[in-house]
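Chain residues, written in single-letter form:
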Number of protein chains: 4
Amino acid sequence: MREAKSRYEIFRQKTHIIIYGTNTVAGRLFDLILLGLILLSVLLVMLETVEGFDIKYHNQLVLLEWIITAFFSIEYILRIICIDKPKRYILSFYGIIDLIAILPMYLSYFFASSHLFVIIRALRLLRLFKILNHPHFSGQSQQLRKSLIASRGKIVAFMYFVLISCILIGSLMYVVEGKESGFTSIPISIYWCIVTLTTVGFGDITPITPLGQFIASLVMIMGYGIIAVPTGIVTAEIAKSEYNRGRESKRHHCMSCGKEDHSENAKFCHHCGNELDENS
Amino acid sequence: MREAKSRYEIFRQKTHIIIYGTNTVAGRLFDLILLGLILLSVLLVMLETVEGFDIKYHNQLVLLEWIITAFFSIEYILRIICIDKPKRYILSFYGIIDLIAILPMYLSYFFASSHLFVIIRALRLLRLFKILNHPHFSGQSQQLRKSLIASRGKIVAFMYFVLISCILIGSLMYVVEGKESGFTSIPISIYWCIVTLTTVGFGDITPITPLGQFIASLVMIMGYGIIAVPTGIVTAEIAKSEYNRGRESKRHHCMSCGKEDHSENAKFCHHCGNELDENS
Amino acid sequence: MREAKSRYEIFRQKTHIIIYGTNTVAGRLFDLILLGLILLSVLLVMLETVEGFDIKYHNQLVLLEWIITAFFSIEYILRIICIDKPKRYILSFYGIIDLIAILPMYLSYFFASSHLFVIIRALRLLRLFKILNHPHFSGQSQQLRKSLIASRGKIVAFMYFVLISCILIGSLMYVVEGKESGFTSIPISIYWCIVTLTTVGFGDITPITPLGQFIASLVMIMGYGIIAVPTGIVTAEIAKSEYNRGRESKRHHCMSCGKEDHSENAKFCHHCGNELDENS
Amino acid sequence: MREAKSRYEIFRQKTHIIIYGTNTVAGRLFDLILLGLILLSVLLVMLETVEGFDIKYHNQLVLLEWIITAFFSIEYILRIICIDKPKRYILSFYGIIDLIAILPMYLSYFFASSHLFVIIRALRLLRLFKILNHPHFSGQSQQLRKSLIASRGKIVAFMYFVLISCILIGSLMYVVEGKESGFTSIPISIYWCIVTLTTVGFGDITPITPLGQFIASLVMIMGYGIIAVPTGIVTAEIAKSEYNRGRESKRHHCMSCGKEDHSENAKFCHHCGNELDENS
């Protein structure tokens, strides 16, 4: 009995290394196969919605999907078994996504429409970020995220201002253009205003009256100009973080006490008072 | 009589704290309810213009709007009563908007079309900036505004140049394309040029002749390139203000006289001559 | 005779001050009237092409244009008379534009179609930059122009690369999509590629085949990404010029010899060797 | 025999100077003629696909193309002959392009459709970068390429994130909008999502339902906002490289040992210990 348990223990450890590790050959191979299967399953759901394709290969598609779902189900169970704190995994971001990725297929047995939610598997592609945990890559990704978080406040204020502008301009266009031009209601007009301000310009609704075209011109020039604002915010933030990173690597170290964060021109350690080595 | 006045005084003070203050629980709650009502009233006017919806719920919509207008009217009167200098509020930016926000509904009693101006209530949403007067948030918003004001001169010069280009290119396209392609007049051609230069591209008017398509290509490439100009201006300005803010926090303080604005390398206070502490 | 000449001389001087000067009241007034007339004449040509408007007010429009042309002609002659070196003015940028601005109207007497070239008067609007020669404004405009000139080399290299890409992708799309989707020839396909890459997206020609849509997606993502390049170039250039301007105003002056361009950390003048005042 | 070989040797050397050199008059002339012919041949293939043009001038076009192909073939053979290591040229980037540029024309003798691949000659236009090897120009081009390579990691991470978003949003839109609005399959919906997110906005497929238009609005605002990210990354990288270049030109040289890379505030050479000249 004890031997059996220890065998099970060894199996658990080995599985853990393969599934969660990325340093062994087997671990890397597992990750690659997993990624390939995720990509394949996403592709399958896409192709299923293409009319001509689905009619021809319906049975093959369904079979393949069930095989992939089976693999994902086994993987999910193994992940729970071989980890020490299964609850933590189940309730983690990736744990929930892994569950959501297999559930719809089983539910489609009962509800026909739930089948499409299989596309949520695309979220599993986010695993790529975990697999590619190369320090260089993840460091840059980290830096990018920090910059975006730091500029969050300004961007929200900007977006809020844009939204109010869109409500007002949309209402104005509804009054100016009327129902003949396609501006059938204020929500539609606001939709048009967002389409125009963001310089997307579908062209499904376009102003016809001279006054409407004049206002539209102003909106376009405004949209063309204010795109500078989020860009400026994010750029300044990234440049700052780049600049700080550059400085960090050049910072003085105090030879006596080891303190690091002296200003560039400091001559004495601001902690212990010893002279700093100029070129340390 | 005196007691009555003092009671009225207390009521005024209490109302003042609730309406204008944001630090007490009641004050915050009032702000939240106000925001909710503004959002609701904006939503109501929007929905009123959606044909199917209006026919079904016309009476309910009108009733709700009158209730909200009544609330806003009472709020407006209270704001005037409980402030010490009512004139200053009435003539302030928010005071005027508050009045404009309630007037159209009353006027709609006499003029049917004035009703739509109720959408101006959306402007009241700007109050959010006042309510969210968190120092971090408003500081960033302030910084953003300063950067935009500082870059105003350059952006106006740029916009003026763009406008002259659009007049010239629009006229050229009118001559090249003619009336068959939709370029029916110079103003329409200028409108097309703005649509194209700002990379919106509705597609309601498009060149057909090879020469017209060639000129259009040049306009598009130009528009794609010169978007760099406003972006560059705003970004440089934001980066400068970020840089200055960063420096400010590191500035030397003179221990003797308290002066702050010494250059980064200063060793002696440029006001009193005392030696500056290197790492202060 | 001599007195007459001196009178003529005085008239010339006075006219010179009014026409070329911007500091006297009369000079400013003249500039404003000139600008107003230029705007009016541009507006007139625009309105002439609007069908309904032209039929109604044809005679008034023509009359007004002849009046404006007469005024511009007199102004042109006066500019030549009251300047010391008339040749220099005539051959200058503004001199040529001033001539081109009045010629078409006279030529329209002989050739009906030349009339439309009156729109070239819009170029005279560039005078605004001359009139607004406020040091702050023109300094910023100058700085902007310098930044753009400095980044010229990189932008040309970038544009050339984009053009070659468009030729190749356009040809590919011609082969992939064929004549049914509107990709009737390689030049048209290149036009489509420019429309797509610059994110304008008219929608007059769109891919229909899956492969074509896939290539189009790649082109769009590419266009969305590489807009960063010209923006980055211009922004970096503007930021550099801003940074340099900021440094210039803080530069050390040597008290002994007056030399200016010492580095920020210099302690001794690099010309005469005297100690520099740290906070000069 | 020996003389013959030496004559051949002289011919080889002269040809080498003309074909590969850019400093002699003959070398520059050869490069210009080559560029002109490349441009002409690209233009010819384009015009061939224009229906009206091809019918009129078919024979002339074909004749001209054969002449150009002959010239390119001779040039290719000469390039191989007059270089010392022919293999290196044949396998180099430009060598392969030069071969691909002449092959399709010969193959079109056997296969009718291969003819169109002549457009690949456009790639030969990249030679311009080689011909224009002015140090200023190529230095800037080099700097630009370095900045783009340095920002590669961040941009790939960003693109990957955008792609996953497009898959998820595309699937959502397929479910919301359905087949009536043109969202006939998930791949088409993803195509629409890319068209919208990149702010291209063809308008061939547009949402009709209110919910679809609401999601579309969110996608557009997202696309309008996140364009800031690649722009910010590239700009920060270019600014950094500009900044570093600026510093490099100001670096201290040690008079004793010649070492260059001292920090801006260094007073003693970090290699030999001699005092550094402050303003060297």
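Residues numbered from 1 in each chain as written. Chains lettered and ligands numbered in written order. Predicted model: local features only at pLDDT ≥ 70, side-chain atom pairs only at ≥ 80, totals over all residues. Heavy atoms only, no water.

Note the threshold: UniProt positions are given in the numbering used here, feature names are shortened, and annotations may be inferred rather than shown by experiment.
Chain A has the name Ion transporter in an unreviewed UniProt entry, where Flavobacterium azooxidireducens is given as its organism. UniProt, in its Subcellular location (unreviewed entry) section for chain A, records the words "Membrane".

## Some remarks on the domain arrangement of chain A
The condition that has to hold: As used throughout, domain bounds are those supplied by an automatic or database domain assignment.
Each assigned domain of chain A is listed with its residue range as follows: domain 1 (7–133) and domain 2 (147–234). With centres defined by C-alpha atoms, the gap from domain 1 of chain A to domain 2 of chain A works out at 41 Å.

## Examining the interface of chain B and chain C
Here is the rule: Here, two residues are considered to be in contact whenever any of their heavy atoms come within 4.5 Å of each other. Using a 1.4 Å probe, buried area is obtained as the accessible area two parts lose upon being combined, added over both of them. By definition, a salt bridge exists where a carboxyl oxygen of Asp or Glu is found within 4 Å of a side-chain nitrogen of Lys or Arg. Pairs of N or O atoms within 3.5 Å make up the polar contacts considered here, provided that, within protein, one atom can donate a hydrogen while the other can accept it, and that residues adjacent in sequence are counted only when both atoms are side-chain atoms. Secondary structure elements follow DSSP: runs of H or I no shorter than four residues count as helices, runs of E no shorter than two count as strands, and numbering proceeds from the N terminus. All residues other than Ala, Val, Leu, Ile, Met, Phe, Trp, Tyr, Cys, Pro, Asp, Glu, Lys and Arg, Gly among them, are scored as polar; the first ten of these are nonpolar and the last four charged.
Between chain B and chain C, the contact holds 53 residues from the first and 49 residues from the second. Roughly 4,200 Å² is buried in total at the junction of chain B and chain C, and carbon and sulfur atoms are behind 71% of that figure. Taken together, the links from chain B to chain C amount to 1 salt bridge. Close ionic contact of E51(C) with K179(B) constitutes a salt bridge, the shortest N to O distance being 3.3 Å. Here chain B and chain C share 4 residue pairs in polar contact (both at pLDDT 80 or more) between them. Mapped onto the side of chain B that touches chain C, the elements with two or more residues apiece are helix 8 (152–177), helix 9 (186–197), helix 10 (210–226) and helix 11 (228–248) of chain B. Its residues assigned to classes, the side of chain B that touches chain C comprises 29 nonpolar, 18 polar and 6 charged.

## Looking at the side chain of T231(B)
Short version of the rule: Residue exposure (1.4 Å probe, protein chains only): buried if accessible area is under 20% of the type maximum, exposed if over 50%, otherwise partly exposed.
Here T231(B) is to be found in helix 11. What makes T231(B) buried here is its relative accessible area of 3%. Residue contacts for T231(B): discarding those within four places in its chain leaves I227(A), A228(A), T231(A), T231(C) and T235(C).

## Details of the pattern of salt bridges
On inspection of all chains with the given rule, the structure shows 24 salt bridges over all chains. We note a salt bridge from R12(A) to E9(A), for which the minimum N-O separation is 3.7 Å. Of this pair, R12(A) and E9(A) both sit in helix 1 (residues 2–20), separated by 3 residues, roughly a single helical turn. For K240(D), the salt bridge goes to E237(D), with nearest N and O atoms at 3.5 Å. Taken as a pair, K240(D) and E237(D) lie in helix 11 (residues 228–248) at a separation of 3 residues, close to a single helical turn. When its relative accessible area of 7% is taken as the criterion, E237(D) is described as buried. Through salt bridges with shared partners, one network takes in E9(A), R12(A) and D84(A).

## Details of helix 10 (residues 210–226) of chain D
Worth spelling out the cut-off: Helices are assigned an expected span. That span is 1.5 Å times one less than the residue count.
For helix 10 of chain D, spanning 17 residues, the distance from its first C-alpha to its last is 24 Å, which sits close to the expected 24 Å at 1.5 Å a residue. By the criterion of burial, helix 10 of chain D is predominantly enclosed, with 12 of the 17 residues buried.

## Comments concerning the relation of the copies chain B and chain C
Here is the rule: Superposition of the copies was done by least squares, using only C-alpha atoms of residues whose pLDDT is at least 70 in both.
Overlay of chain B on chain C (RMSD 0.1 Å): rotation 90°, translation along the axis 0.0 Å. In symmetry terms, the pair is related by a four-fold rotation axis.

## Points about the packing of helix 10 (residues 210–226) of chain C against helix 9 (residues 186–197) of chain D
This is how the line gets drawn: Fitted lines through C-alpha atoms serve as axes, helices being fitted only where they are in contact, and the angles separating the N-to-C directions of these axes extend from 0 to 180 degrees. Oblique is the label for every angle not falling under 35 degrees (roughly parallel), over 145 degrees (roughly antiparallel), or within 65 to 115 degrees (roughly perpendicular). Rotating anticlockwise by less than a right angle from the far helix to the near helix defines a left-handed crossing, while the corresponding clockwise rotation defines a right-handed one.
Put simply, helix 10 of chain C and helix 9 of chain D touch, their axes get as near as 9 Å, and they point 25° apart. By the criterion of interaxial angle, the relationship of helix 10 of chain C to helix 9 of chain D is roughly parallel. The chirality of how helix 10 of chain C crosses helix 9 of chain D is left-handed. In this structure, helix 10 of chain C contributes Q213(C), A216(C), S217(C), M220(C), I221(C) and Y224(C) to the contact, and helix 9 of chain D contributes I188(D), Y191(D), I194(D), V195(D) and L197(D). Residues belonging to the contact of helix 10 of chain C with helix 9 of chain D are distributed by class as follows: 9 nonpolar, 2 polar and no charged.

## What to know about the relation of the copies chain B and chain A
Rotating chain B by 90° and moving it 0.0 Å along the rotation axis overlays it on chain A with an RMSD of 0.1 Å. Mapped onto chain A, only 20% of the interface residues of chain B are again interface residues, and the two copies thus contact each other with different surfaces.

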